[in-house]
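Secondary and tertiary structure notes
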Amino acid sequence: MHIKNRFAPITILLFALLSTPCFGAFLGDILSLPPHANYKQIFTPNFKIIYPDEFEPEARLSAQYLEESHGFLSQTFQYAPSHKTTIILADNQDFANGVTSAVGRQGIVLFLTAPDPYSSIGEYDHWLRSLIIHEYTHYLTLEQRRGIFEIAHYLLGNLVFPNHLWPTWLAEGMAVYAESAFSHGGRGHGTYYSTLTRDGLFRDVLGKKDFLKFDELMGPIPNYPFGESQYFAGYGIIEEMMLKLGKDAPARYAEESSWRIPFFLNGALENISPASLKPEISFFKLWTDWISRQATRLKPELEWLKSSGAEDPRFLTQAQETALGARLSPDGKKLAYFLNSSHQRPSLQLIELSELNADAHVLPESKKLDDTISGAGISWSEDGKRIYYAKADFRGSFDTYSDLFAYELESGQVTRLTKRERAKDPDHCLVRGKANNEGGSTETTPMLVYSTQRARVSEVRLLNLKDGSIRTLYRAKDHHHVSTPRCNPEGTKAYFAEHSTEVLESIFSADLLTGETQHVAGGGKQGFGALFPSPTVGGKIYFSRVKDGYYDLARLDVSTKQIEVLARSSGGYWLPSVSSDGSKLAASYVTSQGIRAVLLDQEKLEKFTLHNTDHAPVAKPAVFRELPEHKTNVDPAPANPIDSIETDYNLLSSLAPRIWAPHLLLSGAQTQVGATVIGWDDVDQLEYNLFAFYDTIADKPEGFFGTFHRVGPYRLGLSASSQVTDYAVNSRGQTRYNEERKLTLNLSRPFPGNFTTVTPKALVEWARTWRDGDFEQRAFASNFRLGAGVDYDTRQRYRYSVFSERGSLGQADGRRFFSRGEGAWKALVSWEQLFSVFPDHSVFGVTLYGAVAPRPLAHVPESVVKVGGYGTLSDLDPPLKGYPLGQFRTQRAGIIHAEYGVPLAQLFQGFDTWPLFLRNFGAFAFYNAAKLRTSEHGYSPLIDGVGGGLVLNTVLGYNLPFQLKL
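So, here is what we can say about the structure in this document. (Residues numbered from 1 in each chain as written. Predicted model: local features only at pLDDT ≥ 70, side-chain atom pairs only at ≥ 80, totals over all residues. Heavy atoms only, no water.)

Regarding the overall build of the chain
In terms of regular secondary structure, the chain is built from 12 helices and 49 strands. Expected size for 966 residues packed as a compact globule is a radius of gyration near 30 Å; at 31 Å, the chain falls within 12% of this value. Summarising its shape, the C-alpha atoms of the chain cover approximately 100 × 70 × 55 Å along the three principal directions. Split into buried and exposed, the 966 residues of the chain put 58% on the buried side. Of the contacts made within the chain by residues no fewer than 6 positions apart, 58% connect residues no fewer than 24 positions apart. Here the chain displays about 38300 Å² of accessible surface, and carbon together with sulfur accounts for 55% of that area. When the 98 basic and 107 acidic side-chain charges of the chain are each reduced to a single mean position, those positions are 3 Å apart. (Helix = DSSP H or I, 4+ residues; strand = E, 2+ residues; numbered from the N terminus. Rg over C-alpha atoms; globule rule 2.2 N^0.38 Å. Buried < 20%, exposed > 50% of the residue type's maximum accessible area, 1.4 Å probe, protein only. Contact = heavy atoms within 4.5 Å. Areas by Shrake-Rupley, 256 points an atom, 1.4 Å probe, with all protein chains shown as cover. Lys, Arg positive; Asp, Glu negative; His and termini not counted. Charge placed at Lys NZ, Arg CZ, Asp CG, Glu CD.)

Here's the deal with the state of the cysteines
If you walk through the whole model with that rule in mind, you get one disulfide. Between cysteine 429 and cysteine 487 runs a disulfide, and the two sulfur atoms are separated by 1.7 Å. Judged by the sign of its S-S torsion, about 65°, the bond between cysteine 429 and cysteine 487 is right-handed. Of the two residues, cysteine 429 is situated in strand E15 (residues 423-434) and cysteine 487 in strand E19 (residues 481-487); the sequence distance between them amounts to 58 residues. Each member of the pair, cysteine 429 together with cysteine 487, is buried. (Disulfide = S-S within 2.5 Å.)

Some details on the packing of helix H6 (residues 168-181) against helix H8 (residues 228-245)
Between H6 and H8, the shortest axis-to-axis distance is 7 Å and the interhelical angle comes to 70°. Classified by the angle their axes make, H6 and H8 are roughly perpendicular. Between H6, through Thr168, Trp169, Leu170, Glu172, Gly173, Met174, Val176, Tyr177 and Ser180, and H8, the contact on the second element is made entirely by Gln230, Tyr231, Gly234, Tyr235, Ile237, Ile238 and Met242. The residue inventory of the contact of H6 with H8, partitioned by class, reads 10 nonpolar, five polar and one charged. (Axes fitted to C-alpha atoms, helices over the stretch in contact; angles between N-to-C directions. Parallel < 35°, antiparallel > 145°, perpendicular 65-115°, else oblique. Nonpolar A, V, L, I, M, F, W, Y, C, P; charged D, E, K, R; others polar.)

Some details on the packing of aromatic side chains
Tallied over the entire structure, the rule returns 30 aromatic pairs. Judged by centre distance (5.0 Å) and plane angle (45°), the ring pair of tyrosine 573 and tyrosine 589 falls under tilted. Placement of tyrosine 573 in strand E27 (residues 572-578) and of tyrosine 589 in strand E28 (residues 585-591) is noted, with a sequence separation of 16 residues between them. Residue tyrosine 573 is classed as buried on the basis of its relative accessible area, which comes to 3%. The class for tyrosine 589 is buried, based on a relative accessible area of 0%. Three or more aromatic residues joined by ring pairs make a cluster, and in this case those are Tyr192, Tyr193, Phe211, Phe232, Trp287, Trp290, Phe532, Tyr551 and Trp574. (Phe/Tyr/Trp six-rings, centres within 6.5 Å; stacked < 30°, edge-to-face > 60°.)

Looking at the nonpolar core
Judged by nonpolar contacts, the single largest core of 113 residues is most densely connected at Ile49, Tyr253, Phe283, Trp287 and Trp574. The residues contacting tryptophan 287, other than those within four sequence positions of it, are Leu206, Gly207, Leu212, Phe214, Phe232, Ala233 and Ile237. Within the second largest apolar cluster, 15 residues are counted, among which are Val431, Leu462, Tyr474 and Ala494. (Core = buried A, V, L, I, M, F, W, Y, C linked by side-chain atoms within 4.5 Å.)

With respect to the sheet that holds strand E4 (residues 98-101)
In sheet architecture, strand pairing relies on hydrogen bonds along the backbone and comes in two forms, parallel and antiparallel. A sheet is described by the order of its strands in space; here six strands give the open sequence E4-E5-E3-E2-E1-E30, paired in mixed fashion. In this open sheet, the two edge strands, each paired with only one partner strand, are E4 and strand E30 (645-648). Direction aside, neighbouring strands of the sheet carry axes that sit 20° apart on average. Across the sheet, helix H3 (residues 56-76) is in contact with strand E1 (39-43), strand E2 (47-52), strand E3 (85-90) and E30; its angle to E2 comes to roughly 160°. (Pairing = 2+ DSSP bridges.)

Section: the sheet that holds strand E23 (residues 529-536)
Pairing within the open sheet is antiparallel, and its four strands lie in the order E23-E24-E25-E26. Lying at the two open borders of the sheet, with one neighbouring strand each, are E23 and strand E26 (563-567). Sheet twist, expressed as the mean angle between neighbouring strand axes with direction ignored, is 30°. Relative to E26, strand E25 (residues 550-557) runs antiparallel, the two sharing four bridges. By the bridge assignment for E26, leucine 556 is matched with isoleucine 563.

With respect to unusual backbone geometry
The omega angle of the peptide bond from tyrosine 224 to proline 225 is 5°, so this bond is cis rather than trans. The residue proline 225 is located in the loop between helix H7 (191-202) and H8 in this model. Across the junction of phenylalanine 838 and proline 839, the peptide omega takes the value -10°, indicating a cis bond. Residue placement: proline 839 occurs in the loop between strand E41 (822-837) and strand E42 (842-852). A positive phi is found at serine 32, a non-glycine position, where the angle reads about 55°. Within the fold, serine 32 resides in the loop between helix H2 (27-30) and E1. Classification of serine 32 as buried rests on a relative accessible area of 14%. Despite not being glycine, aspartate 912 has its phi angle at roughly 50°, a positive value.

Quick notes on the pairing of strand E37 (residues 757-773)
The two faces of a sheet get side chains in turn, since along a regular strand they alternate between them. One ladder, built from 13 bridges, connects strand E36 (residues 735-748) with E37; its direction is antiparallel. Paired with glutamate 740 across the bridge in E37 is threonine 769. For E37 and strand E39 (residues 783-793), the ladder comprises 11 bridges, and the chain directions are antiparallel. Bridge pairing in E39 links glutamate 765 to arginine 785. As judged from the two bridges shared by E37 and strand E38 (residues 778-779), these two strands associate in the antiparallel manner. Considered in E38, the bridge of tryptophan 770 is made with alanine 779. With antiparallel pairing between neighbouring strands as the criterion, E37 and E38 make up a hairpin whose turn holds four residues.

Remarks on H8
Its 18 residues give H8 an end-to-end C-alpha distance of 26 Å, which sits within 8% of 26 Å, the value for a rise of 1.5 Å per residue. Most of H8 is tucked away, with 16 of its 18 residues classed as buried. Of the residues one or two after H8, glycine 246 is the one with positive phi, at around 105°. (Expected span 1.5 Å × (residues − 1).)

Here it is as structure tokens:
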């Protein structure tokens, strides 16, 4: 998972929210942060750090790194906040992540899980420090505002930050630059980015249609490297900016942009450029110049690769996708891997290699076994009938944890093996050891070895498949990270990679019985990184050697310690896999066109070992290193303790209003003048919204007050409102209006999942309407409402989707009305079923609605079923396209809606730096029909309609998805 660092869409979104008497969730709710986790807080000179009390060591370490980062980053970007920045520590997911938002001064959320080596962010020195540098760079650059925007602060609160409207590549480019400049790791000079650059030039696609054309950077990129694209290209652009305009160019650009109208990116760039560059300077030119410079820099390497016979292995999977963790079955006849594609859900896939075509250009068919969001570890049982793997999903309401599963190839049955174990990268072992019987015979126990991490603690563990018991085989030092353990065929040792606080990883072994560990290969002393061990018969270990910007395929002889480099290519070799007899060798192969599952020709590999890769030409990257002098080494326990104060977390201390805005409505005879105030506490346990205004129709103050509480897994909403709901003016200019006052309590309990969400909900409401004005006064009876319902959603949508393509959406809601001693009830049930049809990404959907209100009350308008338009589902009124909203009033309604949608074009195209990005374009046709019944007239004739239209999916302002439907 990529680091998702910014929250720019919220800036645009809040403009809309401010004009409505309701608002949505903020970071705590969006990120599923536990609302009640016994939070503590530490105050330092520049930060407020909030954390669950079990993470006090991480909090104190964060305080040290934050203050250190503040020292050099505030100088680098020539800006320091005038307030303490809020930092929240969390460990409720098994993927490396961080989020930053200056809007509402929400601050930074740091997830404590370290990244796995099979990702772009796998090269770092100390993960927590690197993450802090990256995220705090975002905060310092995005929070800046000057001139008119500083004045707007008094009008709108902490809402408008012009730099928050940067395109993703610009913000991420600056943050990747900082993480690379101020640490010994970082993506800017890491092996992953080196591989993308080298391979893109080797294939002559970098910056062209097939790989990161500049216009594609302005929006979501549907193909590999997906969300990483903007990080990679953004870093290149910032590097080129610094070469042309000086080391302080990012700081000058952030300052210049902070007072200008957003979206005129090249104008701000021209303003910080010398006169000699102004006629031609642009971000497009920076990107193309960076590519040209890389082509010159890497030319000797590319020529050496061509002359050495380096070539692609045999591809087994499509380009533009990620096929991670390719693992051969013991007999070498099957290959399993995890697929990440823009055309379907992430999934576990299987290829039958026995059906492999002799023509290497013909890719084999694959079969989906299970939908799964996973790491990279896949293993087979010794008989090849079962696949072991890990997948992540919600465990409760807040935690997204990874656990172990088994897939039976014959039956298709999926069995969960662990619960809340946070397990990754399993490998099947037949552990051999002494049994506890009188004879003392040797017995073999089937086990799974796997890695796990909880905040600063990372371990290798063993799961006994006979009795389900779990024991720890190896615990790494705090803030180290272990990954991809693999057992040797003899069942005596597990080999795994360990990331310390150095950039280069090492491979270690652990005795499966005693846990005794030994260093095997890699690390700073040996001058290369060692990843993804794959032990085979004969005491050999295949692994990925990380050196000179390459992921080499290497082989270690355990007895002699001799290492052979088997392959060096423009791409990179990850996660090698060998069949039991050693006849087949597979891997995941990193290229600019995707991470692809491959088979390797071992005869060619043996020939390649004649070339001495240690004397191959290596181009040094032009990296701007600005390591603080006192940080030549990254210590997990920094010296120089800082002044700090520790207290319990109190939500009242952070409930001050964060966003406010004036409200003005001019509509016919009605004028409203007032303001909106929005606030929430730091961990988003409580949100509130006050919307107050003076209404000239009622000639008095009106308004809305609402709160949203997260209480354990429950979501509680409380609101009160008084407002004019409609008015009329007669021919003599006299006005009559209805004023409704309402008190509402909403309660829901979501059961979230990666692919399925179920949400039961309940409602209690009191409402009363008064009619007043120049020519009529009347008080309607007050009424109480009790409601309950459940939502069920499994709909699927992918990057290439124009519409949701598969799955179901079910809703069932009922409401009871009480007024004047009378009772009425109303219910709405709907079910939408989506089917993928020809051509690709087309969909046929059928939705059924059933609504009933057998005894509506005349003085309670909501107690009758109103059919028409898009419906008002909050009032349990169903839609009927082709007719005005609420045109038909009835007691019973049955409606069917059928729709076919087809994509016309997959555009994914921007226009230089314009804040408009076209995603895709499609057409739809629908038919809907309704049968209505009233007590007086029985059932109506069939009321139907047919129509169609066009759909254009776009992104506005670089970050806001917007659908235009005609």
